[in-house]
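Observations on the three-dimensional arrangement
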Amino acid sequence: MKAAVFVEPGRITLEERPVPTVGPGDALIRITTTTICGTDIHILKGEYPVRPGLIVGHEPVGVIEELGEGVTGYDVGQRVIVGAITPCGQCYHCLDGHQAQCGGKPIGGWRFGNSIDGCQAEYLLVPNAQANLSLIPDGLTDEQVLMCPDIMSTGFGGAEFGQIKIGDTVAVFAQGPIGLCVTAGTKLKGATRIIVVDLIVRAGSCDLGELAPIAPRPTDCRRTGSRCTGGCALDQRSVATGRDSVADSNGFVRGRCL
Ligand SMILES: NC(=O)c1ccc[n+]([C@@H]2O[C@H](COP(=O)([O-])OP(=O)(O)OC[C@H]3O[C@@H](n4cnc5c(N)ncnc54)[C@H](O)[C@@H]3O)[C@@H](O)[C@H]2O)c1
Ligand SMILES: [Zn+2]
Ligand SMILES: [Zn+2]
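This one's a predicted model, so the numbers in the text were calculated from it and none came from an experiment.

Our next topic: the packing of helix 4 (residues 148-161) against helix 5 (residues 177-188). Orientation of helix 4 relative to helix 5, taken along the N-to-C sense of each, is 50 degrees, at an axis distance of 7 Å. Overall, the two elements helix 4 and helix 5 adopt an arrangement that is oblique. Every pair of crossing elements has a handedness; the one defined by helix 4 and helix 5 is right-handed. Listed contacts from helix 5 to Ile151, Met152, Thr154, Gly155, Phe156, Gly158 and Ala159 of helix 4 are Pro177, Ile178, Leu180, Cys181, Val182, Ala184, Gly185 and Thr186. Taken together, the residues that form the contact of helix 4 with helix 5 break down as ten nonpolar, five polar and no charged.

Structure below.
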């Protein structure tokens, strides 16, 4: 099969690899659609280290090609997505609701394109398939669910972990794919006022939130929040820039009117 392989910082190449062999509990997926995440850019730049020779990619959409012994409730030929986070589903941390920390390791649940081969390939081997396959409803195309395995779930997860309440005022720093999904999740959670901040103005952000009309520099975030709320603290803020630059917004959340 063809696969996109990390070779060294600055170089990901297309290589021939054997189709993976299915073992007990695994599923083999024929990938029909996948995409690139901001995290893949960090990998390419060498900002997030992965081992040379690893197949990259963690946004799998495809068709079940083969099921390993013990995987029930699914059939060969069904269309599925697989979460970017592929926890075992059975360890203490998974059963405690912290699947991303599977095995007790920081982001231990993120395996594809991190600790095992990823999905930018013709086939993908899914471990612990019973806990990690999700059927695609007939009415939806592969393209329509492409953001679900990672980008939408990360953004919505951010809004959920932020414990946003009805009526909150929230600032979302960055409106890339992840930030846009944080904004959408924040709206679904009931925030009344959402201030979106990015270096680039995107049409989608304006539909979802109120645009802060400035291009923030690293030290501007607190001032941006302050200007948009008339000096009152935000109830919550979310940062999806992929940089440390907005750490300065930390001083501007609930109860700390600066
Ligand atoms: N589960 C996870 O934890 C998870 C999953 C997916 C992505 N990520 C991470 O989320 C981050 C964002 O991913 P993405 O795909 O949206 O990336 P992206 O590069 O497409 O978007 C980043 C956005 O941040 C904006 N930005 C940069 N500096 C800014 C600043 N100082 N203030 C405001 N906006 C600023 C950019 O203009 C851009 O729109 C990446 O670091 C990625 O690694 C984490
Ligand atoms: Zn990702
Ligand atoms: Zn686990």
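This paragraph deals with the nonpolar core. Among the nonpolar cores identified, the biggest contains 31 residues, and Ala27, Ile29, Ala121, Leu124 and Val126 are the most heavily contacted of them. At the level of elements, strand 1 (2-8), strand 3 (27-33), strand 4 (61-67), strand 5 (79-82) and strand 6 (123-126) are the ones that each hand at least two residues to this core. Discounting chain neighbours no more than four positions away, the residues touching isoleucine 29 are Pro60, Gly62, Val63, Ile64, Glu65, Val80, Val82, Tyr123, Leu124 and Val126. Among the nonpolar cores identified, the runner-up in size contains 21 residues, and Cys37, Ile151, Val170 and Ala191 belong to it.

Turning next to the environment of alanine 100. Relative to the elements of secondary structure, alanine 100 occurs in the loop between helix 2 (92-95) and strand 6. Excluding residues within four positions of it along the chain, alanine 100 makes contact with Ile85, Ile107, Gly109 and Trp110.

With that settled, consider helix 1 (residues 38-45). Within the sequence span of helix 1, burial applies to Thr39, Asp40 and Ile43. Looking down the long axis of helix 1, one finds its buried residues gathered within 100 degrees of arc, a one-sided arrangement. Among the exposed residues of helix 1, those pointing more than 90 degrees away from its buried face are Ile41 and Lys45. On its buried side, helix 1 packs onto strand 1. In the segment just after helix 1, glycine 46 is the residue with positive phi, at about 85 degrees.

With six bridges connecting them, strand 3 and strand 4 associate as antiparallel partners. Paired with leucine 28 across the two strands is glutamate 66, which belongs to strand 4.

Here the focus is the sheet that holds strand 4. What the five strands build is an open sheet, ordered 6-3-4-5-7; its pairing is antiparallel. Across the chains shown, the open sheet's two edge strands, defined by having one partner strand only, are strand 6 and strand 7 (133-135). Strand-to-strand, the axes of this sheet are offset by a mean angle of 45 degrees, without reference to chain direction. Relative to strand 7, strand 5 is paired through three bridges, and the arrangement is antiparallel. Paired with valine 82 across the strands is leucine 133, a residue of strand 7.

Rules used throughout
- Residues numbered from 1 in each chain as written.
- Chains lettered and ligands numbered in written order.
- Predicted model: local features only at pLDDT ≥ 70, side-chain atom pairs only at ≥ 80, totals over all residues.
- Axes fitted to C-alpha atoms, helices over the stretch in contact; angles between N-to-C directions.
- Helix = DSSP H or I, 4+ residues; strand = E, 2+ residues; numbered from the N terminus.
- Parallel < 35°, antiparallel > 145°, perpendicular 65-115°, else oblique.
- Left-handed = near helix turned anticlockwise from the far one by under 90°.
- Contact = placed C-beta atoms within 7 Å.
- Nonpolar A, V, L, I, M, F, W, Y, C, P; charged D, E, K, R; others polar.
- Core = buried A, V, L, I, M, F, W, Y, C linked by C-beta atoms within 7 Å.
- Buried ≥ 20, exposed ≤ 12 C-beta atoms within 10 Å, placed from the backbone.
- Arc of directions from axis to C-beta.
- Pairing = 2+ DSSP bridges.

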